Amino acid sequence: GQQVMQIPQYQHVQEGEDFTTYCNSSTTLSNIQWYKQRPGGHPVFLIQLVKSGEVKKQKRLTFQFGEAKKNSSLHITATQTTDVGTYFCAGRSSNYQLIWGAGTKLIIKP
Amino acid sequence: KAGVTQTPRYLIKTRGQQVTLSCSPISGHRSVSWYQQTPGQGLQFLFEYFSETQRNKGNFPGRFSGRQFSNSRSEMNVSTLELGDSALYLCASSLFGLEGYTFGSGTRLTVV
């Protein structure tokens, strides 16, 4: 079936370092969404990307959607302790279903 | 405006029992989705309802069912509970199911 692979599963960074998580789909996606889940919390919607090659920024966060609409990435510049959590991508397949990645847990080393 | 409300927040049930969880979406939102979240399995899609109709369904056994009412409120039911059903159950709503979803705080179900 359709899958969205998200890597890495975990990433440890020092505060101030950059962080990137990647999502790859086996099929072309209509759009892709990104969510953040803080420890003990629920997922919170960050952004939706729709266009091929789209790049969007939210302060220190940069989101990209690949030209083929099969991959996406989230990059955080100069991580802060408030960035801790698990980042999920969710791709919209051609049959409308939302397919979730397994998430990347961002851990910031003191 | 009020967010997505899930009740109850916590629930302890015995194996073999059944349980009903409730979700009130954001006012005006017509799409409601349900997810199961466990530490080892991430977010697993259960089903999505739109205007009282099930629009999509995940790969869960028939013991898991749901419904949506005319006011968009939704319930999910799990019958014949198993230990493996212990999880955080999350409800999420959106206007038409094409935009980003707003999640509730979840119901943490423990089956003993």
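The paragraphs below set out a description of the structure included in this document. Everything numeric in this text was worked out from a predicted model, so none of it was measured.

1. Examining the packing of aromatic side chains
- By the definition in use, this model includes 12 aromatic pairs over all chains.
- Centre to centre, the rings of Phe88(A) and Trp100(A) are 6.1 Å apart; their planes meet at 75°, and the pair counts as edge-to-face. Of this pair, Phe88(A) sits in strand 9 (residues 85–92) while Trp100(A) sits in strand 10 (residues 98–100), and the two are 12 residues apart along the sequence. Grouping residues by exposure puts Phe88(A) and Trp100(A) together as buried.
- Both rings, one in Trp100(A) and one in Phe103(B), keep their centres 6.0 Å apart while their planes meet at 85°; by these two values the pair is edge-to-face. Taken together, the positions of Trp100(A) in strand 10 and Phe103(B) in strand 10 (residues 102–103) put the pair across two chains. We note that Trp100(A), like Phe103(B), is buried.
- The ring of Tyr96(A) carries Arg92(A) above its face, with NZ or CZ at 4.6 Å from the centroid.
- Taking the ring centre of Phe50(B) as reference, the NZ or CZ of Arg55(B) above it sits at 4.3 Å.

2. A short note on the state of the cysteines
- Throughout the structure, instances matching the rule amount to two disulfides over all chains.
- What pairs with Cys23(A) in a disulfide is Cys89(A), and their sulfur atoms sit 1.9 Å apart. The S-S bond linking Cys23(A) to Cys89(A) shows a torsion near -100°; that makes this disulfide left-handed. Linking Cys23(A) in strand 3 (residues 19–25) with Cys89(A) in strand 9, this pair joins segments that are 66 residues apart in sequence.
- At a sulfur-sulfur separation of 1.8 Å, the disulfide partner of Cys23(B) is Cys91(B). Between Cys23(B) and Cys91(B) the disulfide shows an S-S torsion of about -55°. By sign, it is left-handed.

3. Regarding the sheet that holds strand 1 (residues 5–7) of chain B
Residue and element names in this part refer to chain B.
- A sheet is described by the order of its strands in space; here four strands give the open sequence 1-3-8-7, paired in antiparallel fashion. Looking along the sheet, the strands with just one partner apiece sit at the ends: strand 1 and strand 7 (64–68). With strand direction ignored, the average angle separating the axes of adjacent strands in the sheet is 15°.
- Sheet topology note: the strand 3 (residues 19–24)/strand 8 (residues 74–78) ladder contains five bridges and is antiparallel. In the strand pairing of strand 8, Val19 is matched with Val78.

4. What to know about the pairing of strand 9 (residues 87–94) of chain B
Residues and elements named next belong to chain B.
- For strand 9, the buried fraction is high: eight of the eight residues fall into the buried class.
- Side chains Ala87, Tyr89, Cys91 and Ser93 of strand 9 all project onto a buried face; the interleaved residues Leu88, Leu90, Ala92 and Ser94 project onto the opposite face, where all are buried too.
- With seven bridges joining them, strand 4 (residues 31–38) and strand 9 adopt antiparallel strand pairing. Note on strand 9: the bridge partner recorded for Ser33 is Ala92.
- Pairing between strand 9 and strand 11 (residues 107–111): three bridges, direction antiparallel.

5. Digging into the interface of chain B and chain A
- If you look at the interface, chain B gives 18 residues, while chain A gives 13 residues.
- Of the roughly 1,300 Å² buried between chain B and chain A, counting both surfaces, carbon and sulfur atoms make up 53%.
- Taken as a group, Leu43(B), Tyr101(B) and Phe103(B) account for 34% of the area that chain B buries against chain A, more than any other trio of residues on that side.
- Counting across the chain B and chain A interface gives zero salt bridges.
- Joining chain B to chain A, the criterion identifies eight residue pairs in polar contact (both at pLDDT 80 or more).
- By residue class, the composition of the side of chain B that touches chain A is eight nonpolar, six polar and four charged.

Cut-offs used in this document
Residues numbered from 1 in each chain as written. Chains lettered and ligands numbered in written order. Predicted model: local features only at pLDDT ≥ 70, side-chain atom pairs only at ≥ 80, totals over all residues. Heavy atoms only, no water. Phe/Tyr/Trp six-rings, centres within 6.5 Å; stacked < 30°, edge-to-face > 60°. Helix = DSSP H or I, 4+ residues; strand = E, 2+ residues; numbered from the N terminus. Buried < 20%, exposed > 50% of the residue type's maximum accessible area, 1.4 Å probe, protein only. Lys NZ or Arg CZ within 6 Å of the ring centre and 35° of its normal. Disulfide = S-S within 2.5 Å. Pairing = 2+ DSSP bridges. Axes fitted to C-alpha atoms, helices over the stretch in contact; angles between N-to-C directions. Contact = heavy atoms within 4.5 Å. Buried area = accessible area lost by both parts, 1.4 Å probe. Salt bridge = Lys/Arg side-chain N within 4 Å of Asp/Glu carboxyl O. Polar contact = N/O pair within 3.5 Å; in protein donor to acceptor, adjacent residues only side chain to side chain. Nonpolar A, V, L, I, M, F, W, Y, C, P; charged D, E, K, R; others polar.

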